[in-house]
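# Structure assessment
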Amino acid sequence: MPLQRRIPKRGFTNIFKKEYAIINVKDLKSFGSGETIDRERLREAGLVKRSVGVKLLGVGEISDPLTIRVDKVSRAAREKIESVGGKVEVA
């Protein structure tokens, strides 16, 4: 009998788990000032590959005010974007 059939299976796989594509604040430098960025614009720019949720993290700096629509956002990322006059919308 093959080894994978002899060893018991352990653990749990959540079939309802939602996956998120991770985007950092430093990745948004390529967008112009005052633009509205959503999942479609991120896909066109090549930052998101699949149709999954988008989570924005606060790694890096940003200088232009942007309006960003994402599924989740970290507190640090929200503070950095709002400090330069941008706006974060959580869908």
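Each remark here, short or long, concerns the structure printed above.
Rules of the game
- Residues numbered from 1 in each chain as written.
- Predicted model: local features only at pLDDT ≥ 70, side-chain atom pairs only at ≥ 80, totals over all residues.
- Heavy atoms only, no water.
- Salt bridge = Lys/Arg side-chain N within 4 Å of Asp/Glu carboxyl O.
- Helix = DSSP H or I, 4+ residues; strand = E, 2+ residues; numbered from the N terminus.
- Buried < 20%, exposed > 50% of the residue type's maximum accessible area, 1.4 Å probe, protein only.
- Core = buried A, V, L, I, M, F, W, Y, C linked by side-chain atoms within 4.5 Å.
- Contact = heavy atoms within 4.5 Å.
- Pairing = 2+ DSSP bridges.

### A closer look at the pattern of salt bridges
If you walk through the whole model with that rule in mind, you get nine salt bridges. As a salt-bridge pair, Arg43 and Glu40 come within 3.2 Å of each other at their nearest N and O atoms. Of this pair, Arg43 and Glu40 both sit in helix H2 (residues 39-45), three residues apart, which is roughly one turn of that helix. On the accessibility criterion, Arg43 (29% relative accessible area) is partly exposed. Take Glu40: its relative accessible area is 45%, and that puts it in the partly exposed class. Its salt-bridge partner being Arg78, residue Glu82 comes within 3.9 Å of it at the nearest N-O pair. Residue Glu82 and its partner Arg78 are located together in helix H3 (residues 75-83), separated by four residues, close to a single helical turn. Using a relative accessible area of 43% as the deciding quantity, one classes Glu82 as partly exposed. One connected set of salt bridges, linked through shared partners, spans Glu35, Arg41 and Glu44.

### A look at the nonpolar core
Among the nonpolar cores identified, the biggest contains 19 residues, and Ile23, Leu28, Ile37, Leu42, Leu56, Leu66 and Ile68 are the most heavily contacted of them. Put simply, the parts of the chain that give this core at least two residues each are strand E1 (20-24), strand E3 (53-57), strand E4 (67-70) and H3. Excluding residues within four positions of it along the chain, Leu56 makes contact with Ile23, Asn24, Val25, Leu28, Ile68, Val70, Lys72, Val73, Ser74, Ala77 and Ile81.

### Thoughts on the sheet that holds E3
The strand order E1-E3-E5 describes an open sheet built from three strands, whose pairing is parallel. Two strands in the sheet have a free side with no partner beyond their single neighbour: E1 and strand E5 (72-73). One ladder, built from five bridges, connects E1 with E3; its direction is parallel. Residue pairing across strands places Ala21 opposite Val54, the latter belonging to E3.

### Concerning the pairing of E4
Pairing geometry for strand E2 (residues 36-37) and E4, over two bridges, is parallel. Bridging across to E4, Ile37 finds its partner in Ile68.

### With respect to the sheet that holds E2
Spatially, E2-E4-E6 is the arrangement adopted by the three strands of the open sheet, whose pairing is parallel. Both outer strands of the open sheet, E2 and strand E6 (87-90), are each paired with one neighbouring strand and no more. Where E4 meets E6, four bridges bridge the pair, whose relative direction is parallel. From the neighbouring strand, Thr67 faces E6, where its bridge partner is Lys87.

Read these as geometric descriptors, not functional statements.
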